[in-house]
Amino acid sequence: MNNESLLIIDYTNDFVATNGALSCGKPGQKLEPYIINLADSVKKNSFIYLPTDIHEKNDTFHPESKLFPIHNQKDTWGREFYGDLNSWYKKNNSDSIKIIDKTRYSSFAGTNLDILLQERKIDTLHLVGVCSDICILHTAVDAYNLGYKLIIHKEGIATFTKNGQEWSLEHFKNSLGATIV
Ligand code: ZN
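Please read all numbers here as calculations on a predicted model, not as lab measurements. (Residues numbered from 1 in each chain as written. Predicted model: local features only at pLDDT ≥ 70, side-chain atom pairs only at ≥ 80, totals over all residues. Heavy atoms only, no water.)

Chemist: Can you walk me through the environment of Asp 123 in this structure?
Modeler: Of note, Asp 123 is situated in the loop between helix H5 (113–119) and strand E4 (124–130). The partly exposed category is assigned to Asp 123, whose relative accessible area is 27%. It is 21 Å that separates the C-alpha atoms of Asp 123 and Ser 94, two residues lying 29 residues apart in sequence. In this structure Asp 123 touches Asn 3, Tyr 148 and Lys 149, once residues within four positions along its chain are discounted. At a separation of 2.8 Å, a polar atom in the side chain of Asp 123 contacts the side chain of Thr 124. (Helix = DSSP H or I, 4+ residues; strand = E, 2+ residues; numbered from the N terminus. Buried < 20%, exposed > 50% of the residue type's maximum accessible area, 1.4 Å probe, protein only. Contact = heavy atoms within 4.5 Å. Polar contact = N/O pair within 3.5 Å; in protein donor to acceptor, adjacent residues only side chain to side chain.)

Structure follows, in structure tokens:
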């Protein structure tokens, strides 16, 4: 195992599928082969975590309830991984390839991700998934503050607007010191 980990963030039907509840649509769907190829190429030597939003119906205390329609509800189709990632995960799910439930934009907010990564001496994170300017962004900012090195895969992330995609790539590079590949 090396000291790098791949994070596949929020790549679910609700965020990606055409009829998902909060979908970024085509730009998100296009990432599917890139994400699966990347995951296949590193799965023998790296820990792969899949930080994935989880919500309860009618959660009036959750701040996102006022901002977005219900999405990634527990035990629904919307929270299943999009496309072939769903069967890929079922096949590869193990101690080193694991979903991480998260309830906020950042993969670190309220999760044990940082502890898992520290235990495994991980210092570099590869980020793919959606959305570039929401959950990828918030995860990248927290990772930066925690001292992780960041590698952002530009063909592996997407969001709702072209402007959002461009802005976030600039921010990752210029403000978080990320390597863009
Ligand atoms: Zn959410």
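Here the narrative resumes, following the displayed structure.
Chemist: I keep staring at the coordination of the zinc ion and nothing clicks. Help me out?
Modeler: Each angle at a metal carrying four tetrahedral donors should ideally be 109.5 degrees, and each at a metal carrying six octahedral donors should ideally be 90 or 180 degrees. Those protein atoms acting as donors to the zinc ion are Asp 53 (OD), His 55 (NE2), Glu 64 (OE) and His 71 (NE2), and they sit at 2.0 to 2.1 Å. Classification of the site at the zinc ion as irregular follows from its four donor atoms and the range of 93 to 163 degrees in their angles at the metal. (Donors = N, O, S within 2.8 Å, 3.2 Å for Na, K, Ca; no water. Tetrahedral: all angles 85-135°; square planar, octahedral: opposite > 155°, others 65-115°.)

Chemist: What's the story with helix H7 (residues 162–174) in this structure? I'm lost.
Modeler: Each α-helix turn comprises 3.6 residues. Residues three or four places apart therefore point the same way. When the terminal C-alpha atoms of H7 are compared, their 18 Å separation across 13 residues agrees well with the 18 Å that a helix rising 1.5 Å per residue should span. Residues Gly 164, Gln 165, Ser 168, Leu 169 and Phe 172 constitute the buried set of H7. The buried side chains of H7 occupy one side of the element, clustering within an arc of 130 degrees when seen end-on. Of the exposed residues in H7, the ones pointing more than 90 degrees away from its buried face are Lys 162, Asn 163, Lys 173 and Asn 174. On its buried face, H7 sits against helix H6 (135–145), strand E5 (149–158) and strand E6 (179–180). (Expected span 1.5 Å × (residues − 1). Arc of directions from axis to C-beta.)

Chemist: Explain the packing of helix H3 (residues 32–42) against helix H4 (residues 84–92) to me, please; I cannot follow it from the model alone.
Modeler: Two numbers describe how H3 lies on H4: the axes approach to 10 Å, and their chain directions differ by 20 degrees. The angle between the axes of H3 and H4 places the two elements in the roughly parallel class. Here the hand of the crossing between H3 and H4 comes out left-handed. Contact with H3, carried on its side by Glu 32, Ile 36, Ala 39 and Asp 40, involves Asp 84, Leu 85 and Trp 88 of H4 and no other residues of that element. Among the residues forming the contact of H3 with H4, the class breakdown is four nonpolar, no polar and three charged. (Axes fitted to C-alpha atoms, helices over the stretch in contact; angles between N-to-C directions. Parallel < 35°, antiparallel > 145°, perpendicular 65-115°, else oblique. Left-handed = near helix turned anticlockwise from the far one by under 90°. Nonpolar A, V, L, I, M, F, W, Y, C, P; charged D, E, K, R; others polar.)

Chemist: Just to check I follow, could you spell out the pattern of salt bridges for this structure?
Modeler: Between side chains of opposite charge, a pair can form when the charged atoms approach closely. For the structure on display, the rule yields seven salt bridges. The salt bridge partner of Lys 102 is Asp 10, with a shortest N-O separation of 2.9 Å. One end of the pair, Lys 102, is in strand E3 (residues 97–102); the other, Asp 10, is in the loop between strand E1 (4–9) and helix H1 (13–16), and 92 residues separate them in sequence. The salt bridge partner of Glu 119 is Arg 120, with a shortest N-O separation of 2.9 Å. Residue Glu 119 is classed as exposed on the basis of its relative accessible area of 51%. For Arg 120, a relative accessible area of 27% gives the class partly exposed. Each of Asp 10, Asp 53 and Lys 102 takes part in a single network of salt bridges with overlapping partners. (Salt bridge = Lys/Arg side-chain N within 4 Å of Asp/Glu carboxyl O.)

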